[in-house]
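Each chain, written out:
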Amino acid sequence: MNRPLSHFFAYVSRLRWIKRWGLMRNAIEENVATHSWEVATLAHALALIRNRHFGGSVNADRIAAAALYHDATEVITGDLPTPVKYHSQVMREAFGDIEHKAEAELLALLPPDLRDDFAPYVRESQLSREERELIKAADRLSALLKCQAEIRTGNTEFEPAAEQIARRLDQDGLPEVAYFMEVFAPGYQQPLDNLLG
């Protein structure tokens, strides 16, 4: 059986070449693929914490899979820095339209019989409010951890971003984020030998 070729995964794999934090001096380089993996693990953890400790009943596996694709459109759009993306209502709306078109382009790379299967992960609009909330929290948490890592290297350029992101996470008031910050986040500041025992 001759099946048509799809370039979807070859294209998505190029997320590793897209650098994040492009307007800032980075001591630790980060790319979109690495960031997406971290957001997926954090979103999965937040979902499990919600289910175990805060009366949730979310599908943690679905959230993790959707988080893996949460920035997939950046293989088309690039990583637009947050200050630019959210500069004004006009910019937010314009970039939202671009992201929707990029989602459609990515899905069009898949074989037609798989597009509906991938759409809930590639199209953010197909996620529930609760799923989007947890993925966004994981995205912010990943950004905060990145800022803190930069600050530990002596890169003070990330201090304002760290303060702003921490303030936003506090405002969101998600108990699973507070749990993560209490139980897991302190380990990020430890040297390897301390982590091993």
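See the structure above.
The model shown is predicted, which means the values in this text are computed figures rather than measured ones. (Residues numbered from 1 in each chain as written. Predicted model: local features only at pLDDT ≥ 70, side-chain atom pairs only at ≥ 80, totals over all residues. Heavy atoms only, no water.)

**Remarks on the side chain of Glu131**
For Glu131, the location among the structural elements is in helix α8 (residues 129-152). If near-sequence neighbours (up to four positions away) are discounted, Glu131 is found in contact with Arg62 and Ile63. (Helix = DSSP H or I, 4+ residues; strand = E, 2+ residues; numbered from the N terminus. Contact = heavy atoms within 4.5 Å.)

**Some points on the side chain of Asp79**
Relative to the helices and strands, Asp79 resides in the loop between α4 (74-77) and α5 (82-85). This buried residue, Asp79, is left without a salt bridge; Arg20 holds the nearest opposite charge, at 4.2 Å. Within polar-contact distance, the side chain of Asp79 engages the backbone nitrogen of Trp21 at 3.5 Å. Residues contacting Asp79, with those up to four places away along its chain left out, are Ile18, Lys19, Arg20, Trp21 and Glu74. (Buried < 20%, exposed > 50% of the residue type's maximum accessible area, 1.4 Å probe, protein only. Lys, Arg positive; Asp, Glu negative; His and termini not counted. Salt bridge = Lys/Arg side-chain N within 4 Å of Asp/Glu carboxyl O. Polar contact = N/O pair within 3.5 Å; in protein donor to acceptor, adjacent residues only side chain to side chain.)

**Side note on α8**
The end-to-end C-alpha separation of α8 is 34 Å, in line with the 34 Å expected for 24 residues at 1.5 Å each. Burial analysis of α8 places 17 of its 24 residues in the buried class, the great majority of the element. One or two steps after α8, the chain reaches Gly154, where phi turns positive at roughly 95 degrees. (Expected span 1.5 Å × (residues − 1).)

**Re helix α3 (residues 60-68)**
Residues Ala60, Ile63, Ala64, Ala66 and Ala67 constitute the buried set of α3. On an axial view of α3, the arc spanned by its buried residues comes to 165 degrees, and they lie on one face. Packed against the buried residues of α3 are α2 (32-53), α7 (112-122) and α8. The backbone nitrogen of Asp61 lies 3.1 Å from a side-chain oxygen of the residue at the head of α3, namely Asn59. (Arc of directions from axis to C-beta.)

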